Amino acid sequence: MDNVRPFPRATADEDVPDRTPPRDQAAERAVLGGMLLSPSVIPEVVEILEGPEFYWPVHETVFTAIVALATRGEPVDPITLADELRRTGDLARVGGPAYLHELPSAAPSAANAPYYAEKVQEAAVRRDVLRATGEADHLLRSGEGDLADVLDLVQEKISRAVEGTGPRTAGTDATGWSFSDLTPVLDGTHKPQQPTIGARDDGIGLFYPGRVNGIQGESEAGKSWVALISCLVEMNRGNHVAYLDFEDSEAGVVSRLLLIGANPDDIQRLFHYVRPGTTPTPVQLRQFIARIGDLGPTLIIVDGVTEAMVMMGLELKENTEIAKFGRMLLRPLADTGAAVVPLDHVVKNNESRGRYALGGVHKLNAVDGVQYMLEAVRPFGINTEGRSRLRIAKDRPAQIRRHALPGGRNPMHWFADLVIRSEGEEFAAAHLYPPIQHNDDPQETAAATDKAAQEEADIKDREAAVLDALAKATEPMSKNALEELIPGRASVTRRALTRLVHAGRVVTEQGPRKATLHRLPAKDGEKA
């Protein structure tokens, strides 16, 4: 196989016995063969290799195709791999189906694939170090450049080459399939994680670091405003933030940051904006997330979950696809230590949306931090004061809900009010006010009155149904029998029956095994 990566060759006057670059063809083939024999080892291998470590480019091509199949949740074997390479136009270049069918026999054991992956990585590191020292050799012999600069360059290249090659321990196992240390929980030293990212006006944090959080709401409810206020809080603390925007543009996002008082120098230095335009390969995505991790951001906004999933070719309403989106993007971003906050849409219908965003229920299940629902109260606009209410749909660590108030008619706790007070096109005051308990909100009062009236009407209708059922009965009936006979919620039937008994319109008597039976009172002249 002569399709190999270029490597500096020795010149005639160099007294070097062997300039063959380090490589291990048997190990490269064993890695690929092991992945084909047992796809269960693929996650372990991709923790070690990204693709460019292979010396033979055809092996990198095969590796990338295997990872692509696994990432999409498709079967991985020589036949599906051939189909994938045929689709990308690379099948003939890698040697055709015959070569792919040879690879499994090159793996002594599928379980050893991670071991062979480390050998491939080691050879790649040796080549990188040799390239760095080769460049230094040229610079030192030629006399070009300042000596200090040459030494700094070599040190930087060598450090970059060996970065991430240290031994892995159970505590750093990225797969999560390792035993956890329970000592802090058992000895009482464990402390619940606190929401320290972003802040309400009274200083209470909004999001949990290192976790997937979220904000969902209707269009123009103010999701991006909450995200940008949180970005501003973090930048004012001197922290880096990243904004992955699948909906707007840098002009729209940055102009709103400036509108609410962000310093241009802080934006330039600490605000990292990304507008993805194409579907990334698994390797590209891993490299991008690694670059974000190098920045050390405390907050990462993902604006537009629906658009992000479509770009990645995932189905919005399939829970398996939603879970895959979390594994591909959200969870790796949270593993950088930042609070990850996806912004998502909800259905328009208030009654049918519940606590869920547009698409599958797994979106809420995937949140291991806090999930907010944003309700529009007054629309936002220039020279107006817009308002939306931030409610808690989920609080996994349970450290935020205690700073909220019960939601009244809404089952979700009320955490904050987003208020944007526009003062022309140059400035807007942005606030996340804490909730204030009061009873004079006309909207809340009207809603409570309407709810009470509806409940009273429902009970009266159920009273009539109970009386009708007892009138038709040939013998006294138990409460359970009435609940089974009369359609509707059993709790309403019980309330109606209790009221009828207290009013004397239904009487009770003791039945077999001390059961309480119900009947209509006897009329004048009738025997009870």
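Summarised in this report is the structure supplied together with it. (Residues numbered from 1 in each chain as written. Predicted model: local features only at pLDDT ≥ 70, side-chain atom pairs only at ≥ 80, totals over all residues. Heavy atoms only, no water.)

On a plain count of helices and strands, the chain comes out with 19 helices and 12 strands. Within the chain, buried positions represent 42% of all 528 residues. The contacts in the chain between residues at least 6 apart in sequence include a share of 66% that link residues at least 24 apart. Accessible surface, the chain as shown: approximately 28300 Å² in total, 52% of it carbon and sulfur. (Helix = DSSP H or I, 4+ residues; strand = E, 2+ residues; numbered from the N terminus. Buried < 20%, exposed > 50% of the residue type's maximum accessible area, 1.4 Å probe, protein only. Contact = heavy atoms within 4.5 Å. Areas by Shrake-Rupley, 256 points an atom, 1.4 Å probe, with all protein chains shown as cover.)

We now examine the sheet that holds strand β3 (residues 271-274). With mixed pairing, the nine strands of this open sheet are ordered in space as β3-β2-β4-β5-β1-β6-β7-β8-β9. Across the chains shown, the open sheet's two edge strands, defined by having one partner strand only, are β3 and β9 (428-433). Neighbouring strand axes in the sheet, compared pairwise and without regard to direction, differ in orientation by 20 degrees on average. (Pairing = 2+ DSSP bridges. Axes fitted to C-alpha atoms, helices over the stretch in contact; angles between N-to-C directions.)

The subject of this paragraph is the side chain of H345. Structurally, the position occupied by H345 is in strand β5 (residues 339-345). Under the relative-accessibility criterion, H345 is labelled buried at 17%. At 2.8 Å, the side chain of H345 forms a polar contact with the side chain of E247. (Polar contact = N/O pair within 3.5 Å; in protein donor to acceptor, adjacent residues only side chain to side chain.)

Okay, the pairing of strand β1 (residues 214-217) next. Burial of the side chains of β1 extends over both faces: G214 and Q216 are buried on one face and I215 and G217 on the other. In this structure, β1 lies alongside strand β6 (residues 370-378), joined through four bridges in parallel fashion. Among the inter-strand pairings, G214 is bridged to a residue of β6, identified as Q371.

Now for the packing of helix α3 (residues 57-71) against helix α4 (residues 78-88). Their axes nearest at 10 Å, the elements α3 and α4 cross at an angle of 105 degrees. One element, α3, and the other, α4, form an angle in the roughly perpendicular class. Across the interface between the two elements, T61, V62, A65, I66, A68 and L69 of α3 pack against T80, L81, E84 and L85 of α4. Tallied by class, the residues present in the contact of α3 with α4 amount to seven nonpolar, two polar and one charged. (Parallel < 35°, antiparallel > 145°, perpendicular 65-115°, else oblique. Nonpolar A, V, L, I, M, F, W, Y, C, P; charged D, E, K, R; others polar.)

Here the phi dihedral of N383 falls at roughly 60 degrees; this positive angle occurs in a residue that is not glycine. A positive phi is found at R513, a non-glycine position, where the angle reads about 55 degrees. Along the chain, the position of R513 falls in the loop between β11 (507-510) and β12 (516-519).

Further remarks concern the pairing of β12. Pairing analysis gives two bridges linking strand β10 (residues 477-478) to β12, with the strands arranged antiparallel. Bridge pairing in β12 places M477 opposite H518. Across four bridges, β11 lies against β12 in antiparallel orientation. Among the inter-strand pairings, V507 is bridged to a residue of β12, identified as R519. Hairpin connection, β11 to β12: the antiparallel pair is bridged by five residues, and R513 has positive phi, about 55 degrees.

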